[in-house]
Amino acid sequence: MTAADPISISLTTDEISLVQDSWAEATTPNAANGDEPATAIASILYAGLFSLHPELKELFHDINRQSASLGAVLGVAVGALGDIESITPALESLGKLHGRIPGVQPEHFDVVGNILIATFSDKFGEKWTPELQQPWVKVYAYVSGRIVASMLAVREANV
């Protein structure tokens, strides 16, 4: 997963609609386990993450809470795509929090991003096209880029 500049984002109106419509479809309430739909998506993501990278599981003390948090962050970001910079303070706060968690590394966010894209690809099947994937890559790169930049700033300030 790559993006030219993960701290800025440029989406067309059509790309915003694609992301928002696909998020709405992905989070339609139909999860049999009773989770909030966004939490269910995040739970699937973390199951995939831990199957590929079991060593990362030790970074998470409460995976249910983490799944709910990730689902909420994605939902807020998707909802704010018309003015994504408005959520920058919240993303920077998340970065500061992650900066105080021993073991969390910037490359972990790339791994999560790749798993997120794979999760959506599995969920949408043939409907998951390059035209849908690309704006999702941009959205995740922006969100994770803001978090990582803040995380690294906190760590540099504490050196």
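Residues numbered from 1 in each chain as written. Predicted model: local features only at pLDDT ≥ 70, side-chain atom pairs only at ≥ 80, totals over all residues. Heavy atoms only, no water.

Going by an unreviewed UniProt entry, the protein carries the name Globin-like protein and comes from Lipomyces orientalis.

Draft legend 1. Looking closely at the packing of aromatic side chains. Inspection of the entire model under this criterion finds nine aromatic pairs. The interplanar angle of 40° and the centroid separation of 4.5 Å between the aromatic rings of F120 and W136 together place this pair among those described as tilted. Placement of F120 in helix α5 (residues 106-124) and of W136 in helix α6 (residues 130-157) is noted, with a sequence separation of 16 residues between them. Summarising the burial analysis for this pair, F120 and W136 share the class buried. Taken together, the aromatic side chains of W23, F120, F124, W128 and W136 make up a single cluster linked through ring pairs. (Phe/Tyr/Trp six-rings, centres within 6.5 Å; stacked < 30°, edge-to-face > 60°. Helix = DSSP H or I, 4+ residues; strand = E, 2+ residues; numbered from the N terminus. Buried < 20%, exposed > 50% of the residue type's maximum accessible area, 1.4 Å probe, protein only.)

Draft legend 2. Quick peek at the side chain of T119. Note that T119 resides in helix α5. Among the residues examined, T119 registers a relative accessible area of 9% and is labelled buried. Not counting residues up to four positions away in its chain, the partners in contact with T119 are I41, I44 and L45. (Contact = heavy atoms within 4.5 Å.)

Draft legend 3. Highlighting the environment of H108. Tracing the backbone through its elements, the reader meets H108 in helix α5. When the C-alpha positions of H108 and G95 are compared, they lie 13 Å apart, and in sequence the two are 13 residues distant. Residues in contact with H108, not counting those within four places in the same chain, are L56, L59 and G103.

Draft legend 4. Representation of the nonpolar core. Judged by nonpolar contacts, the single largest core of 44 residues is most densely connected at F120 and W136. Listing elements by their share of this core, those giving two or more residues are α1 (13-26), α2 (37-52), α3 (63-79), α5 and α6. Residues contacting W136, with those up to four places away along its chain left out, are V19, S22, W23, V78, I117, F120 and W128. (Core = buried A, V, L, I, M, F, W, Y, C linked by side-chain atoms within 4.5 Å.)

Draft legend 5. Highlighting the pattern of salt bridges. Tallied over the full model, the rule gives two salt bridges. E15 is the partner of K138 in a salt bridge, and the nearest nitrogen-oxygen pair spans 3.1 Å. Here K138 is found in helix α6, whereas its partner E15 is found in helix α1, with 123 residues between them in sequence. We classify E15 as buried; its relative accessible area is 14%. With its nearest N and O atoms 2.5 Å apart, the salt bridge here joins E25 to K127. Here the residue E25 occupies a position in helix α1, and K127 occupies one in the loop between α5 and α6, the gap between them amounting to 102 residues. By relative accessible area, which is 39% here, E25 ends up partly exposed. (Salt bridge = Lys/Arg side-chain N within 4 Å of Asp/Glu carboxyl O.)

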